[in-house]
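Spelled out from the first residue to the last, the chains are:
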Amino acid sequence: MREIKTITLIFVSVLFFQCNQKRNVEKKLKEEILIAEHIYELSGDYTKLELYKDSCYTFTISQKSSGYEKIEKYDGKYLIGKDTIKFLEYGFRYLDCDNAVLKNNFIEFLNGKMPLKLKLKETKITLKNSSDLLNNLDFAFFTYNPSYYNYFSKNVKSYDLKKIDLKTIDAILNKCIEENPTRLTKQLTKYNKQCISVKNSKNEIEVYVFCSCNKNFDKEEFKYQISMVNDGGDCYFSVLLNLTKKSYNKLNINGRA
């Protein structure tokens, strides 16, 4: 009788140990290795992406208004290499795209049905190509996609700006302001700058810049999406720069409300 009790006790102990080990493994695999959020409203939505150690991800959209709340979740698989996330199986279904890039402390989704950037909140991923542009508080950077940003001629390809390019951008913008004193009455330091950059067929660097008065935005809100504003006067203007020629054209200044 004692032998049966002893065997039973050993069996239960082994079973408990195995179950506990399994739970620990599952918990470890479900450990979050990256969290990214859109902390400002995106058409009334709050969005969050979580990547787990087991190569699964969860994308959550929360819609809230007075007396109403709706939460949607999208799950799937991913692979990550260098600074690119590839979404497997059905892709990233919310945007109908397959890839996203980790750049300048943001995740930017590529070639989806609309542009979307999420800021990295937590990450245990070692980024292979850390950017030297992170400390430029009045700049925001957006990857060129002809479906979203049709501001360039044909046969251009996306280009990642370097720190030295930002000095050229500021120099050309200052020149633009100086040459249009009656239309642009504010100093460049009063503006945030959103940049889309490409190389054209002549291998010249072109940058389309959206400038907006920095008093109109939270210090980081302008980094999530391009500001599309119809009025506001010279608090908002856009212009196409050629960094290679150090020139500008297509200057567009908003009208008054």
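Quick summary incoming for the structure in this document.

1. Overview of the environment of Ile80
No. 1: Mapped onto the elements of the fold, Ile80 is located in strand 4 (residues 68-81).
No. 2: In this structure Ile80 touches Ile85, Leu102 and Ile125, once residues within four positions along its chain are discounted.

2. Remarks on the packing of aromatic side chains
No. 1: Across all of its chains, the model carries 19 aromatic pairs by this definition.
No. 2: For the ring pair Tyr149 and Tyr151, a centre distance of 6.4 Å and an interplane angle of 20° mean the geometry is stacked.
No. 3: Look at Tyr151 and Tyr208: their rings are 4.4 Å apart centre to centre, the planes differ by 15°, and that puts the pair in the stacked class. Of the two residues, Tyr151 is situated in the loop between strand 9 (139-142) and strand 10 (157-158) and Tyr208 in strand 12 (residues 205-213); the sequence distance between them amounts to 57 residues. Each member of the pair Tyr151 and Tyr208 is classed as buried.
No. 4: Put simply, the rings of Tyr57, Phe59, Tyr74, Phe87, Phe92, Tyr94 and Phe109 pair up and form one aromatic cluster.
No. 5: One Lys or Arg, Lys117, reaches over the ring of Phe106 and ends 4.6 Å from the middle of that ring.
No. 6: Taking the ring centre of Phe142 as reference, the NZ or CZ of Lys117 above it sits at 4.3 Å.

3. Considerations on the nonpolar core
Inside soluble globular proteins, nonpolar side chains tend to come together where they are buried.
No. 1: Grouped together as the largest cluster of nonpolar side chains are 27 residues, with contacts concentrated most on Leu161, Ile169, Leu173 and Phe237.
No. 2: Counting only elements with at least two residues in this core, the list comes to strand 9, helix 2 (163-179), strand 11 (191-199), strand 12, strand 13 (236-242) and strand 14 (247-253).
No. 3: Top element by residues in this core is helix 2. It accounts for six residues.
No. 4: Counting residues in hydrophobic clusters, the runner-up holds 24 residues, among them Tyr57, Phe59, Phe87 and Ile125.

Basis of the calculations
Residues numbered from 1 in each chain as written. Predicted model: local features only at pLDDT ≥ 70, side-chain atom pairs only at ≥ 80, totals over all residues. Heavy atoms only, no water. Helix = DSSP H or I, 4+ residues; strand = E, 2+ residues; numbered from the N terminus. Contact = heavy atoms within 4.5 Å. Phe/Tyr/Trp six-rings, centres within 6.5 Å; stacked < 30°, edge-to-face > 60°. Buried < 20%, exposed > 50% of the residue type's maximum accessible area, 1.4 Å probe, protein only. Lys NZ or Arg CZ within 6 Å of the ring centre and 35° of its normal. Core = buried A, V, L, I, M, F, W, Y, C linked by side-chain atoms within 4.5 Å.

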